[in-house]
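Fold and contact review
The lines below spell out each chain.
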Amino acid sequence: DPVYKATIIPRGGALGMVVSLPEMDRLNWHKDECNQKLAMTMAGKAAEIIKYGEDHVSNGPAGDIQQASQLARAMIMRWGMSDKIGNIDYAEAHEG
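Right, let's walk through the structure included here. If you're wondering where the values come from, they're calculated on a predicted model, not measured in any experiment.

Of note, Ser82 is situated in the loop between α3 (62-77) and α4 (91-95). With a relative accessible area of 15%, Ser82 lands in the buried category. Within the structure, Ser82 has its side chain in polar contact with the backbone nitrogen of Ile85 (distance 3.2 Å). Ignoring anything within four residues of it in the chain, the contact list for Ser82 reads Met75 and Ile76.

Okay, structure coming up:
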């Protein structure tokens, strides 16, 4: 999805944010689209590492990490998007 707005100005609990708006309503996500969303979500942490170094990353990207983890977990455990794990729904075992 194209980027609608990007800011480094703190807003609420966020120290900066990127907002993307879908061009159309969608029900399905392809693996490459999920990987692109993961990359965009983790860009803030990557920027901190580039700017300040690995040892000086703050807790600022915590929400990004949570969002990326949720998507990655769904890709692997529910949607069968892992070549190593395969096409099995592990969500029920994880919840239960």
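Residue placement: Glu48 occurs in helix α2 (residues 43-52). Lys45 is the oppositely charged side chain nearest to the buried, salt-bridge-free Glu48, at an N-O distance of 8.0 Å. For Glu48, the contacting residues outside a window of four places in its chain are Gly53, His56, Val57, Ser58, Gly60 and Pro61.

For helix α1 (residues 31-41), the set of buried residues is Cys34, Leu38 and Thr41. End-on, the buried residues of α1 take up no more than an arc of 65 degrees, which puts them together on one face. The exposed residues of α1 that point more than 90 degrees off its buried face are Gln36 and Ala39. Check the buried side of α1 and you find it contacts α2 and α3.

Criteria and thresholds
- Residues numbered from 1 in each chain as written.
- Predicted model: local features only at pLDDT ≥ 70, side-chain atom pairs only at ≥ 80, totals over all residues.
- Heavy atoms only, no water.
- Helix = DSSP H or I, 4+ residues; strand = E, 2+ residues; numbered from the N terminus.
- Buried < 20%, exposed > 50% of the residue type's maximum accessible area, 1.4 Å probe, protein only.
- Polar contact = N/O pair within 3.5 Å; in protein donor to acceptor, adjacent residues only side chain to side chain.
- Contact = heavy atoms within 4.5 Å.
- Lys, Arg positive; Asp, Glu negative; His and termini not counted.
- Salt bridge = Lys/Arg side-chain N within 4 Å of Asp/Glu carboxyl O.
- Arc of directions from axis to C-beta.

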